[in-house]
Amino acid sequence: MGKILSLISYKNIQYYEKINHPYWKWGIMNKSILTKREKEIFTLLVSGNSTRDIASSLNISEKTVRNHISNVMQKLGVKGRAQAVVELIRLKEISLWAT
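Basis of the calculations
Residues numbered from 1 in each chain as written. Predicted model: local features only at pLDDT ≥ 70, side-chain atom pairs only at ≥ 80, totals over all residues. Heavy atoms only, no water. Buried < 20%, exposed > 50% of the residue type's maximum accessible area, 1.4 Å probe, protein only. Helix = DSSP H or I, 4+ residues; strand = E, 2+ residues; numbered from the N terminus. Arc of directions from axis to C-beta. Core = buried A, V, L, I, M, F, W, Y, C linked by side-chain atoms within 4.5 Å. Contact = heavy atoms within 4.5 Å. Axes fitted to C-alpha atoms, helices over the stretch in contact; angles between N-to-C directions. Parallel < 35°, antiparallel > 145°, perpendicular 65-115°, else oblique. Nonpolar A, V, L, I, M, F, W, Y, C, P; charged D, E, K, R; others polar. Patch = residues over 30% accessible without salt bridge, like charges linked within 9 Å, V, L, I, M, F, W, Y side chains within 5 Å. Areas by Shrake-Rupley, 256 points an atom, 1.4 Å probe, with all protein chains shown as cover. Salt bridge = Lys/Arg side-chain N within 4 Å of Asp/Glu carboxyl O.

(A) Representation of helix α4 (residues 51-58) within the structure. Listed in full, the buried residues belonging to α4 are T51, I54, A55 and L58. One side of α4 holds all its buried residues, which, seen down the axis, span an arc of 100°. The exposed set on the far side of α4, more than 90 degrees from its buried face, consists of R52 and S56. Just downstream of α4, N59 is the residue with a positive phi angle, here 55°.

As structure tokens, then:
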């Protein structure tokens, strides 16, 4: 009986997390969260590039790079770049390894 209740509780928690994730609420979980440019920026970011390096390689300003990063953090509801990267990897939006 205890194992069943544990399983039910675990499933309820998983369901709650799933339906309360902003992208499930918006109905876009199966679509890409990132724009093409945001994906380019985060791919370069996880490759170890600085904001200056990314701006230079994409021919945009450093401020624009920071704006893209900030927009992604806001979309994901996280407070830092590292949290954004972790969440994007978890959502399979980016990878640590080149494909």
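(B) Region of interest: the nonpolar core. Counting residues in each nonpolar core, the largest one holds 19 residues, and the members touching the most others are F42, I69, L76 and L88. Looking at which element gives the most residues to this core, the answer is helix α5 (residues 62-76), with five residues. Here I69 is in contact with I41, F42, L45 and R81, once residues within four sequence places are set aside.

(C) Expanded view of the packing of α4 against α5. Packing of α4 against α5 brings their axes to within 8 Å, and their N-to-C directions diverge by 110°. By the angle class used here, α4 and α5 are roughly perpendicular. Taken together, the residues of α5 that come into contact with α4 (itself represented by T51, R52, I54 and A55) are E62, V65 and R66. Split by residue class, the contact of α4 with α5 holds three nonpolar, one polar and three charged.

(D) Spatial organisation of a nonpolar patch on the surface. Side chains of I89, L96 and W97 sit close together on the surface and give an oily, nonpolar patch of about 340 Å² of accessible area. Along the chain, the position of I89 falls in helix α6 (residues 81-90).

(E) Layout of the environment of N49. Relative to the helices and strands, N49 resides in the loop between α3 (36-46) and α4. Sequence-distant contacts of N49, that is, excluding residues within four places in its chain, are made with L44 and I54.

(F) Broad picture of the packing of α3 against α6. Between α3 and α6, the shortest axis-to-axis distance is 11 Å and the interhelical angle comes to 105°. Comparing the axis directions of α3 and α6 gives the class roughly perpendicular. Counting all contacts with α3, which are made through F42, L45 and V46, the residues of α6 involved are R81, A84, V85 and L88. Taken together, the residues of the contact of α3 with α6 sort by class into six nonpolar, no polar and one charged.

Everything listed is a geometric property; what it means functionally is a separate question.
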